[in-house]
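Each chain is listed here by its residues.
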Amino acid sequence: MTQENFASDQPFRPLALGFFIEEDNELTDVKPVVQGSDWQRIYAINLLCRQGDFSKMHHVAPILMRNTESLIWSAGVNIIASAGKWEDVQKALSVFQERIDTPWVRYNMSLLLGLSCDLRAVDPLLKIYGRCTNPEEDGDQTLRELSYLLQAANKEIFGGGGAEIEHQRIVNLAAPLRDALSRSVQGTKIFESETFDVVRLATRILAQAENGNLQSERFYRGRLIFEANTGVNCSSFFNELGRPDRLAIMAILEEFFDGNPRGKYQPGQRYFFSHPILP
């Protein structure tokens, strides 16, 4: 395994938080898929997916498995979960299974499942939670992902108990919510207890900005999902100190709504840079 820390890879580290790097460092060459550092390969695959070519997705999980750096894992998981089909998520999980006894690998497996915005992720998340050993790392993240999928706010699943919550209790909380959603949603794509909908998500983020409610982790998750689906660069959601910029967020979203997004993004359908993703 390697620990990627080359200075030349620094420009690619923003991919741990989104899908863009600084404009001065933007590239168009995809040769690093087979040549270059692992960060360069991740970025090249990012570029291909942004263009609607998902054929190199299978390279991401093996890249992650030979690395231990948290940022490259976040960048890779972002790509697989956001640009991949459910089949791609399952294939990545099978690769990661080799190291499922490692807490930070379980953490990233939970992140992958949650970011897929898929009802089918609930049962694997419950299984992972049953193996969690660190309430403040893999356990915390797994509960968070279950809540993002099944609840509109942090309630009983995440934020409603102590640091250690009995596995069966979480199953008893999550299973009825899962079953209710399976009867009510269109297809399998969900987010915050309802059918996944890019336009509704954008409306929610705009309301958060108008109300000044930009500190919750749900805002950060919504921003990541919005950027992935639309290809709208949300880097300027934050100022130079990394803090949410309310006026900039409102301006970007208002421009998005000026483009008649309902004619482009359908409820129940997930996208990557506006390219529809198959179920």
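All of these numbers come straight from a predicted model, not from anything done at the bench.

Draft legend 1. Geometry of the packing of aromatic side chains. Tallying each qualifying case throughout the model produces 15 aromatic pairs. When the ring of Trp-73 is compared with that of Trp-104, the centres are 5.2 Å apart and the planes differ by 90°; the resulting orientation is edge-to-face. Residue Trp-73 is found in helix H3 (residues 70-83), and its partner Trp-104 is found in helix H5 (residues 103-115); the two are separated by 31 residues along the sequence. According to the relative accessible area criterion, Trp-73 is buried, its value standing at 0%.

Draft legend 2. How the structure looks around a negative patch on the surface. A grouping of Glu-210, Glu-254, Glu-255 and Asp-258 is seen on the molecular surface, where their side chains present a negatively charged patch. The dominant element in the negative patch, judged by the number of residues it contributes, is helix H11 (residues 246-258), at three residues. Along the chain, the position of Glu-254 falls in helix H11.

Draft legend 3. Geometry of the nonpolar core. Ranked by internal contacts, the top residues of the largest apolar core, which has 87 residues, are Phe-96, Leu-112, Phe-237 and Phe-272. The element that contributes the greatest number of residues to this core is H3, accounting for eight residues. Those residues in contact with Phe-96 that lie beyond four places of it in its chain are Ala-61, Leu-64, Met-65, Trp-73, Ile-80, Val-105, Met-109 and Leu-112.

Draft legend 4. Representation of the pattern of salt bridges within the structure. The final tally for this structure, using the stated rule, is 19 salt bridges. One salt bridge connects Glu-192 with Arg-218, and the closest N-O pair in it is separated by 2.9 Å. One end of the pair, Glu-192, is in the loop between strand E1 (190-191) and strand E2 (194-195); the other, Arg-218, is in helix H10 (residues 217-230), and 26 residues separate them in sequence. Comparing Glu-192 with Arg-218, the two get one shared label, buried. Here Glu-194 ties to Arg-200 by a salt bridge, and the two come within 3.2 Å at their closest N and O atoms. Take Glu-194: its relative accessible area is 24%, and that puts it in the partly exposed class. In this structure, a network of salt bridges that share partners links the residues Glu-192, Glu-194, Arg-200, Arg-204 and Arg-218.

Draft legend 5. Layout of H3. Taking 1.5 Å per residue as the helical rise, H3 with its 14 residues ought to reach 20 Å, and the 20 Å between its terminal C-alpha atoms agrees with that figure. Within H3, 12 of the 14 residues are buried, leaving the element largely enclosed by the surrounding structure. Every buried residue of H3 is accounted for by Ile-72, Trp-73, Ser-74, Ala-75, Gly-76, Val-77, Asn-78, Ile-79, Ile-80, Ala-81, Ser-82 and Ala-83. Turning to H3, the residues buried within the fold contact helix H1 (38-50), helix H2 (60-65), helix H4 (86-96), H5, H10 and strand E3 (271-272).

Draft legend 6. Structural view of empty space enclosed by the protein. Overall, the coordinates contain two cavities of 30 Å³ or more when judged by the stated rule. Lining the largest cavity, in full, are Phe-191, Glu-194, Thr-195, Phe-196, Asp-197, Arg-200, Leu-201 and Arg-204. Breaking the lining of the largest cavity down by element, the ones donating at least two residues are E2 and helix H9 (198-211). Per-class residue counts for the lining of the largest cavity are three nonpolar, one polar and four charged. The volume enclosed by the second largest cavity comes to roughly 30 Å³. Forming the walls of the second largest cavity are Ser-82, Leu-115, Cys-117, Ile-225, Asn-229 and Arg-270. Class assignment for the residues of the lining of the second largest cavity results in three nonpolar, two polar and one charged.

Draft legend 7. Spotlight on unusual backbone geometry. The phi dihedral of Cys-117 is positive, around 50°, even though this residue is not glycine. Note on placement: Cys-117 falls in the loop between H5 and helix H6 (122-131). Unlike most non-glycine residues, Ser-274 shows phi in positive territory, near 75°. Relative to the helices and strands, Ser-274 resides in the loop between E3 and strand E4 (275-276). Judged by relative accessible area, Ser-274 falls into the partly exposed class, the value being 21%.

Analysis parameters
- Residues numbered from 1 in each chain as written.
- Predicted model: local features only at pLDDT ≥ 70, side-chain atom pairs only at ≥ 80, totals over all residues.
- Heavy atoms only, no water.
- Phe/Tyr/Trp six-rings, centres within 6.5 Å; stacked < 30°, edge-to-face > 60°.
- Helix = DSSP H or I, 4+ residues; strand = E, 2+ residues; numbered from the N terminus.
- Buried < 20%, exposed > 50% of the residue type's maximum accessible area, 1.4 Å probe, protein only.
- Patch = residues over 30% accessible without salt bridge, like charges linked within 9 Å, V, L, I, M, F, W, Y side chains within 5 Å.
- Areas by Shrake-Rupley, 256 points an atom, 1.4 Å probe, with all protein chains shown as cover.
- Salt bridge = Lys/Arg side-chain N within 4 Å of Asp/Glu carboxyl O.
- Lys, Arg positive; Asp, Glu negative; His and termini not counted.
- Charge placed at Lys NZ, Arg CZ, Asp CG, Glu CD.
- Core = buried A, V, L, I, M, F, W, Y, C linked by side-chain atoms within 4.5 Å.
- Contact = heavy atoms within 4.5 Å.
- Expected span 1.5 Å × (residues − 1).
- 1 Å grid on protein atoms, 1.4 Å probe; cavity = no way out; pocket = protein on both sides within 12 Å on 5 of 7 lines; lining within 4 Å.
- Points joined across faces, edges and corners; volume = space filled by probe spheres on them.
- Nonpolar A, V, L, I, M, F, W, Y, C, P; charged D, E, K, R; others polar.

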